[in-house]
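Geometric and topological summary
Below, each chain spelled out in residue letters.
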Amino acid sequence: MEEKLGSISQTLIEGKADELQKQVQEALDGGATPEDVMNQALVAGMDAVGQQWKAGDMFIPEVIRSAKAMSGAMDIIRPKLSESGGAGSGTFVIGTVLRDLHDIGKDLVAMMMEGAGFKVVNLGIDLDAEVFVDAVKEHKPDILGMSALLTTTMPQMGEVINALKEAGIRDQVKVMVGGAPVSEEYAEEIGADSYAPNAATAVDKAKELLQA
Ligand code: B1M
(Lines give C-alpha, C1' and ligand atoms only; values in the text may rest on other atoms or scores of the structure.)
Protein backbone atom coordinates (compact mmCIF):
# COMPACT_ATOMS: atom_id res chain seq x y z
CA MET A 1 0.00 0.00 0.00
CA GLU A 2 2.90 2.35 0.83
CA GLU A 3 4.07 1.97 -2.76
CA LYS A 4 0.60 2.84 -4.08
CA LEU A 5 0.42 5.97 -1.94
CA GLY A 6 3.89 6.99 -3.13
CA SER A 7 2.79 6.55 -6.71
CA ILE A 8 -0.27 8.78 -6.07
CA SER A 9 2.05 11.51 -4.73
CA GLN A 10 4.17 11.26 -7.87
CA THR A 11 1.14 11.48 -10.19
CA LEU A 12 -0.01 14.57 -8.28
CA ILE A 13 3.42 16.18 -8.65
CA GLU A 14 3.23 15.47 -12.40
CA GLY A 15 -0.24 17.06 -12.47
CA LYS A 16 -1.94 14.15 -14.28
CA ALA A 17 -5.51 14.78 -13.15
CA ASP A 18 -7.30 11.80 -14.78
CA GLU A 19 -4.64 9.31 -13.76
CA LEU A 20 -4.67 10.73 -10.23
CA GLN A 21 -8.42 10.23 -9.83
CA LYS A 22 -8.06 6.67 -11.11
CA GLN A 23 -5.25 5.88 -8.67
CA VAL A 24 -7.06 7.44 -5.72
CA GLN A 25 -10.17 5.39 -6.48
CA GLU A 26 -8.08 2.22 -6.82
CA ALA A 27 -6.35 2.85 -3.49
CA LEU A 28 -9.70 3.33 -1.74
CA ASP A 29 -11.14 0.23 -3.42
CA GLY A 30 -8.01 -1.64 -2.32
CA GLY A 31 -8.68 -0.82 1.35
CA ALA A 32 -6.72 2.40 1.98
CA THR A 33 -8.53 4.78 4.33
CA PRO A 34 -9.47 8.21 2.95
CA GLU A 35 -7.32 9.74 5.72
CA ASP A 36 -4.25 7.78 4.58
CA VAL A 37 -4.78 8.71 0.95
CA MET A 38 -5.16 12.34 1.92
CA ASN A 39 -2.32 12.67 4.40
CA GLN A 40 0.25 10.19 3.14
CA ALA A 41 -0.32 10.64 -0.59
CA LEU A 42 -2.02 13.94 -1.45
CA VAL A 43 -0.76 16.31 1.26
CA ALA A 44 2.70 14.75 0.94
CA GLY A 45 2.55 15.33 -2.82
CA MET A 46 1.57 18.98 -2.46
CA ASP A 47 4.36 19.47 0.07
CA ALA A 48 6.80 18.15 -2.52
CA VAL A 49 5.29 20.51 -5.13
CA GLY A 50 5.92 23.41 -2.74
CA GLN A 51 9.51 22.34 -2.14
CA GLN A 52 10.23 21.89 -5.85
CA TRP A 53 8.73 25.29 -6.62
CA LYS A 54 10.82 26.90 -3.92
CA ALA A 55 13.93 25.25 -5.31
CA GLY A 56 13.13 26.53 -8.81
CA ASP A 57 12.53 23.02 -10.14
CA MET A 58 8.84 23.70 -10.87
CA PHE A 59 7.14 26.75 -12.36
CA ILE A 60 3.73 28.32 -11.76
CA PRO A 61 1.86 26.60 -14.66
CA GLU A 62 3.03 23.23 -13.33
CA VAL A 63 2.07 24.17 -9.77
CA ILE A 64 -1.40 25.17 -10.99
CA ARG A 65 -1.72 21.86 -12.86
CA SER A 66 -0.90 19.97 -9.65
CA ALA A 67 -3.32 22.15 -7.68
CA LYS A 68 -6.13 21.36 -10.16
CA ALA A 69 -5.32 17.65 -10.05
CA MET A 70 -5.43 17.85 -6.24
CA SER A 71 -8.85 19.43 -6.39
CA GLY A 72 -10.15 16.58 -8.60
CA ALA A 73 -8.75 14.01 -6.18
CA MET A 74 -10.40 15.81 -3.27
CA ASP A 75 -13.77 15.44 -5.03
CA ILE A 76 -13.38 11.67 -4.66
CA ILE A 77 -12.11 11.75 -1.07
CA ARG A 78 -14.64 14.29 0.29
CA PRO A 79 -17.74 12.02 0.43
CA LYS A 80 -15.67 9.15 1.87
CA LEU A 81 -14.42 11.33 4.71
CA SER A 82 -17.95 12.49 5.48
CA GLU A 83 -19.11 8.85 5.61
CA SER A 84 -16.45 7.93 8.16
CA GLY A 85 -17.12 10.96 10.38
CA GLY A 86 -19.20 11.13 13.53
CA ALA A 87 -22.35 13.23 13.65
CA GLY A 88 -23.53 16.00 15.90
CA SER A 89 -20.54 18.34 16.27
CA GLY A 90 -20.75 22.09 15.93
CA THR A 91 -20.81 24.49 13.00
CA PHE A 92 -17.54 25.60 11.41
CA VAL A 93 -17.27 28.52 8.99
CA ILE A 94 -13.99 28.83 7.09
CA GLY A 95 -12.46 31.07 4.45
CA THR A 96 -9.17 32.38 3.06
CA VAL A 97 -8.48 36.02 3.87
CA LEU A 98 -8.40 39.05 1.58
CA ARG A 99 -5.88 39.12 -1.31
CA ASP A 100 -5.02 35.46 -0.70
CA LEU A 101 -6.02 32.94 -3.38
CA HIS A 102 -4.62 29.76 -1.81
CA ASP A 103 -7.41 27.31 -1.10
CA ILE A 104 -5.97 23.79 -1.05
CA GLY A 105 -5.07 23.75 2.65
CA LYS A 106 -8.27 25.57 3.58
CA ASP A 107 -10.34 23.02 1.66
CA LEU A 108 -8.48 20.16 3.34
CA VAL A 109 -9.29 21.62 6.74
CA ALA A 110 -12.94 21.99 5.65
CA MET A 111 -13.03 18.38 4.46
CA MET A 112 -11.49 17.00 7.63
CA MET A 113 -13.99 19.00 9.71
CA GLU A 114 -16.85 17.61 7.65
CA GLY A 115 -15.37 14.17 8.12
CA ALA A 116 -15.39 14.73 11.87
CA GLY A 117 -19.10 15.56 11.77
CA PHE A 118 -19.01 19.36 11.80
CA LYS A 119 -21.49 21.28 9.68
CA VAL A 120 -19.10 23.24 7.47
CA VAL A 121 -19.71 26.47 5.59
CA ASN A 122 -16.81 27.08 3.18
CA LEU A 123 -16.86 30.75 2.20
CA GLY A 124 -14.08 30.61 -0.42
CA ILE A 125 -11.02 32.79 -0.97
CA ASP A 126 -9.99 36.45 -1.07
CA LEU A 127 -12.62 37.49 1.47
CA ASP A 128 -12.71 40.83 3.19
CA ALA A 129 -13.50 41.21 6.87
CA GLU A 130 -17.12 42.14 6.22
CA VAL A 131 -17.79 38.75 4.55
CA PHE A 132 -16.52 36.93 7.66
CA VAL A 133 -18.57 39.17 9.97
CA ASP A 134 -21.73 38.65 7.87
CA ALA A 135 -21.15 34.88 7.82
CA VAL A 136 -20.87 34.77 11.61
CA LYS A 137 -24.13 36.73 11.90
CA GLU A 138 -25.88 34.48 9.37
CA HIS A 139 -24.61 31.00 10.29
CA LYS A 140 -23.91 31.56 14.01
CA PRO A 141 -20.99 29.08 13.91
CA ASP A 142 -19.28 27.71 16.99
CA ILE A 143 -15.95 28.32 15.27
CA LEU A 144 -14.74 30.74 12.61
CA GLY A 145 -11.66 29.48 10.76
CA MET A 146 -9.34 31.66 8.73
CA SER A 147 -6.55 30.54 6.43
CA ALA A 148 -3.63 32.64 5.13
CA LEU A 149 -0.68 31.37 3.08
CA LEU A 150 1.19 34.61 2.51
CA THR A 151 3.11 36.67 5.04
CA THR A 152 1.52 39.72 3.38
CA THR A 153 -2.05 38.47 4.02
CA MET A 154 -1.60 37.11 7.57
CA PRO A 155 -2.34 40.51 9.18
CA GLN A 156 -5.78 40.37 7.57
CA MET A 157 -6.73 37.72 10.13
CA GLY A 158 -6.22 40.32 12.88
CA GLU A 159 -8.35 42.75 10.86
CA VAL A 160 -11.20 40.24 10.83
CA ILE A 161 -10.93 39.77 14.61
CA ASN A 162 -11.08 43.54 15.05
CA ALA A 163 -14.11 43.70 12.75
CA LEU A 164 -15.84 41.03 14.86
CA LYS A 165 -15.16 43.17 17.94
CA GLU A 166 -16.50 46.30 16.23
CA ALA A 167 -19.64 44.40 15.24
CA GLY A 168 -20.06 43.37 18.91
CA ILE A 169 -19.97 39.62 18.12
CA ARG A 170 -16.41 38.62 19.03
CA ASP A 171 -17.58 36.78 22.15
CA GLN A 172 -20.16 34.78 20.17
CA VAL A 173 -17.62 32.74 18.20
CA LYS A 174 -14.27 31.04 18.71
CA VAL A 175 -11.63 31.95 16.15
CA MET A 176 -9.14 29.42 14.74
CA VAL A 177 -6.32 30.42 12.40
CA GLY A 178 -3.86 28.49 10.27
CA GLY A 179 -1.78 28.38 7.12
CA ALA A 180 1.89 27.77 6.40
CA PRO A 181 3.32 31.10 7.70
CA VAL A 182 1.03 31.26 10.77
CA SER A 183 2.27 30.20 14.20
CA GLU A 184 0.93 29.69 17.70
CA GLU A 185 2.64 32.94 18.77
CA TYR A 186 1.09 34.86 15.90
CA ALA A 187 -2.36 33.49 16.73
CA GLU A 188 -1.96 34.69 20.31
CA GLU A 189 -0.68 38.07 19.17
CA ILE A 190 -3.79 38.79 17.08
CA GLY A 191 -6.18 37.45 19.73
CA ALA A 192 -7.30 34.21 18.04
CA ASP A 193 -8.56 31.42 20.29
CA SER A 194 -6.74 28.62 18.54
CA TYR A 195 -4.08 27.73 15.99
CA ALA A 196 -3.58 24.48 14.10
CA PRO A 197 -0.54 23.60 11.98
CA ASN A 198 -2.41 21.07 9.81
CA ALA A 199 -5.86 19.76 8.98
CA ALA A 200 -5.77 16.77 11.34
CA THR A 201 -4.75 18.96 14.30
CA ALA A 202 -7.43 21.47 13.31
CA VAL A 203 -10.09 18.84 14.03
CA ASP A 204 -8.62 18.09 17.47
CA LYS A 205 -8.35 21.78 18.29
CA ALA A 206 -11.93 22.40 17.12
CA LYS A 207 -13.21 19.66 19.41
CA GLU A 208 -11.26 21.22 22.31
CA LEU A 209 -12.81 24.60 21.54
CA LEU A 210 -16.31 23.13 21.67
CA GLN A 211 -15.60 21.80 25.15
CA ALA A 212 -13.99 25.03 26.41
CO1 B1M B 1 1.60 30.29 -3.65
N2 B1M B 1 2.94 30.77 -2.33
N3 B1M B 1 1.67 32.10 -4.40
N4 B1M B 1 0.46 29.59 -5.07
N5 B1M B 1 2.00 28.54 -3.03
C6 B1M B 1 3.29 29.75 -1.33
C7 B1M B 1 2.39 29.88 -0.11
C8 B1M B 1 4.82 30.10 -1.03
C9 B1M B 1 5.29 29.68 0.37
C10 B1M B 1 5.71 29.49 -2.14
C11 B1M B 1 7.19 29.83 -1.97
O12 B1M B 1 7.61 30.90 -2.30
N13 B1M B 1 7.95 28.92 -1.45
C14 B1M B 1 4.83 31.67 -1.25
C15 B1M B 1 4.51 32.51 -0.01
C16 B1M B 1 5.73 33.22 0.52
C17 B1M B 1 5.35 33.99 1.75
O18 B1M B 1 4.48 34.77 1.80
N19 B1M B 1 6.08 33.68 2.80
C20 B1M B 1 3.78 31.81 -2.32
C21 B1M B 1 3.69 32.92 -3.20
C22 B1M B 1 4.78 33.97 -3.07
C23 B1M B 1 2.65 33.07 -4.15
C24 B1M B 1 2.44 34.22 -5.14
C25 B1M B 1 2.67 35.64 -4.58
C26 B1M B 1 3.36 33.91 -6.36
C27 B1M B 1 3.37 34.98 -7.42
O28 B1M B 1 2.37 35.23 -8.05
N29 B1M B 1 4.54 35.58 -7.55
C30 B1M B 1 0.98 34.01 -5.58
C31 B1M B 1 0.00 34.76 -4.66
C32 B1M B 1 -1.42 34.63 -5.12
C33 B1M B 1 -2.36 35.15 -4.05
O34 B1M B 1 -2.76 34.40 -3.18
N35 B1M B 1 -2.71 36.40 -4.10
C36 B1M B 1 0.84 32.53 -5.38
C37 B1M B 1 0.02 31.73 -6.17
C38 B1M B 1 -0.09 30.36 -6.05
C39 B1M B 1 -0.87 29.48 -7.05
C40 B1M B 1 -2.14 30.13 -7.58
C41 B1M B 1 0.07 29.17 -8.19
C42 B1M B 1 -1.07 28.17 -6.19
C43 B1M B 1 -2.40 28.18 -5.36
C44 B1M B 1 -3.44 27.26 -5.96
C45 B1M B 1 -4.58 27.07 -4.98
O46 B1M B 1 -4.48 27.14 -3.77
N47 B1M B 1 -5.72 26.83 -5.59
C48 B1M B 1 0.05 28.29 -5.18
C49 B1M B 1 0.55 27.19 -4.44
C50 B1M B 1 -0.03 25.83 -4.79
C51 B1M B 1 1.54 27.34 -3.43
C52 B1M B 1 2.31 26.24 -2.66
C53 B1M B 1 3.32 25.62 -3.66
C54 B1M B 1 1.51 25.13 -2.07
C55 B1M B 1 0.41 25.60 -1.16
C56 B1M B 1 -0.42 24.39 -0.83
O57 B1M B 1 -1.47 24.18 -1.41
N58 B1M B 1 0.14 23.54 0.06
C59 B1M B 1 3.00 27.09 -1.51
C60 B1M B 1 4.34 26.52 -1.05
C61 B1M B 1 4.16 25.71 0.22
O62 B1M B 1 3.29 25.93 1.02
N63 B1M B 1 5.06 24.80 0.44
C64 B1M B 1 2.89 28.47 -2.00
C65 B1M B 1 -0.48 22.26 0.40
C66 B1M B 1 -1.48 22.47 1.52
C67 B1M B 1 -2.06 21.12 1.90
O68 B1M B 1 -0.79 23.02 2.61
O69 B1M B 1 -1.87 25.30 2.32
O70 B1M B 1 -0.04 24.93 4.05
P71 B1M B 1 -1.19 24.42 3.30
O72 B1M B 1 -2.34 23.98 4.33
C73 B1M B 1 -2.08 23.14 5.45
C74 B1M B 1 -1.69 23.91 6.71
O75 B1M B 1 -1.08 25.17 6.46
C76 B1M B 1 -2.94 23.98 7.50
O77 B1M B 1 -3.61 22.77 7.16
C78 B1M B 1 -3.41 22.50 5.79
C79 B1M B 1 -3.49 21.01 5.55
O80 B1M B 1 -2.68 20.29 6.42
N81 B1M B 1 -3.90 25.06 7.32
C82 B1M B 1 -4.75 25.37 8.34
C83 B1M B 1 -4.18 25.85 6.28
N84 B1M B 1 -5.19 26.67 6.57
C85 B1M B 1 -5.57 26.38 7.83
C86 B1M B 1 -6.59 26.92 8.63
C87 B1M B 1 -6.74 26.40 9.92
C88 B1M B 1 -5.91 25.41 10.41
C89 B1M B 1 -4.91 24.86 9.62
O90 B1M B 1 -7.68 26.85 10.76
C91 B1M B 1 -8.72 27.61 10.30
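What counts and how
Residues numbered from 1 in each chain as written. Predicted model: local features only at pLDDT ≥ 70, side-chain atom pairs only at ≥ 80, totals over all residues. Heavy atoms only, no water. Pairing = 2+ DSSP bridges. Helix = DSSP H or I, 4+ residues; strand = E, 2+ residues; numbered from the N terminus. Phe/Tyr/Trp six-rings, centres within 6.5 Å; stacked < 30°, edge-to-face > 60°. Buried < 20%, exposed > 50% of the residue type's maximum accessible area, 1.4 Å probe, protein only. Axes fitted to C-alpha atoms, helices over the stretch in contact; angles between N-to-C directions. Parallel < 35°, antiparallel > 145°, perpendicular 65-115°, else oblique. Left-handed = near helix turned anticlockwise from the far one by under 90°. Contact = heavy atoms within 4.5 Å. Nonpolar A, V, L, I, M, F, W, Y, C, P; charged D, E, K, R; others polar. Expected span 1.5 Å × (residues − 1). Salt bridge = Lys/Arg side-chain N within 4 Å of Asp/Glu carboxyl O. Right-handed = clockwise from strand over helix to strand, strands pointing away. Patch = residues over 30% accessible without salt bridge, like charges linked within 9 Å, V, L, I, M, F, W, Y side chains within 5 Å. Areas by Shrake-Rupley, 256 points an atom, 1.4 Å probe, with all protein chains shown as cover.

What follows covers the sheet that holds strand β4 (residues 174–178). The five strands are arranged β2-β1-β3-β4-β5 in an open sheet whose pairing can be described as parallel. If you trace the sheet from one side to the other, it starts and ends with β2 (119–127) and β5 (194–195), each paired once. Relative to strand β3 (residues 143–147), strand β1 (residues 91–97) runs parallel, the two being bridged by five bridges. Residue pairing in the sheet places Phe92 in a bridge with Ile143 of β3.

What follows is about the packing of aromatic side chains. According to the stated counting rule, one finds one aromatic pair in the structure shown. A ring pair is formed by Phe92 and Phe118, whose centres lie 6.4 Å apart and whose planes are at 70°; its orientation type is edge-to-face. Pair noted here: Phe92 is in strand β1 and Phe118 is in the loop between α5 (104–115) and β2, with a separation of 26 residues, a long-range link. Of the two residues examined, Phe92 and Phe118, each falls in the buried class.

Moving on to the packing of helix α6 (residues 129–139) against helix α7 (residues 155–166). Close contact between α6 and α7 brings their axes to 9 Å; oriented N to C, the two are set at 45°. By the criterion of interaxial angle, the relationship of α6 to α7 is oblique. Seen along the crossing, α6 lies across α7 with a hand that is right-handed. Touching Ala129, Phe132, Val133 and Val136 of α6 are Gln156, Glu159, Val160, Ala163 and Leu164, all from α7. Across the contact of α6 with α7, the residue classes tally to seven nonpolar, one polar and one charged.

Taking 1.5 Å per residue as the helical rise, α7 with its twelve residues ought to reach 16 Å, and the 17 Å between its terminal C-alpha atoms agrees with that figure. Taken together, the buried positions of α7 are occupied by Gln156, Met157, Gly158, Val160, Ile161, Ala163 and Leu164. Against β1, α6, β3, β4 and α8 (184–190) lie the buried residues of α7. After α7 finishes, the residue Gly168 shows a positive phi value of roughly 75°.

Considering all chains together, one arrives at five salt bridges under this definition. Its salt-bridge partner being Lys16, residue Glu14 comes within 2.8 Å of it at the nearest N-O pair. On the accessibility criterion, Lys16 (44% relative accessible area) is partly exposed. Among the ionic pairs, Lys106 bridges to Asp107, the shortest N-O distance being 2.9 Å. Judged by relative accessible area, which is 4%, Lys106 ranks as buried.

In the case of a regular strand, side chains alternate between the two sheet surfaces. Taking burial as the measure, the five residues of β4 include four buried ones, the bulk of the element. Both β3 and β4 contribute to a ladder of five bridges, which runs parallel. Note on β4: the bridge partner recorded for Leu144 is Val175. Regarding topology, α7 serves as the crossover connection from β3 to the parallel β4, and that connection is right-handed. For β4 and β5, the ladder comprises two bridges, and the chain directions are parallel. Residue pairing in the sheet places Val177 in a bridge with Tyr195 of β5.

Here the focus is a nonpolar patch on the surface. Taken together, Trp53, Ile60 and Ile64 make up a surface patch of nonpolar side chains, about 290 Å² in accessible area. Mapped onto the elements of the fold, Trp53 is located in helix α3 (residues 34–54). Residue Trp53 is classed as partly exposed on the basis of its relative accessible area, which comes to 40%.

For the rest of this paragraph, the subject is the pairing of β3. Among the five residues that make up β3, five are buried, leaving the element largely enclosed by the rest of the structure. Across the two faces of β3 the burial is the same, with Ile143, Gly145 and Ser147 and Leu144 and Met146 all buried.

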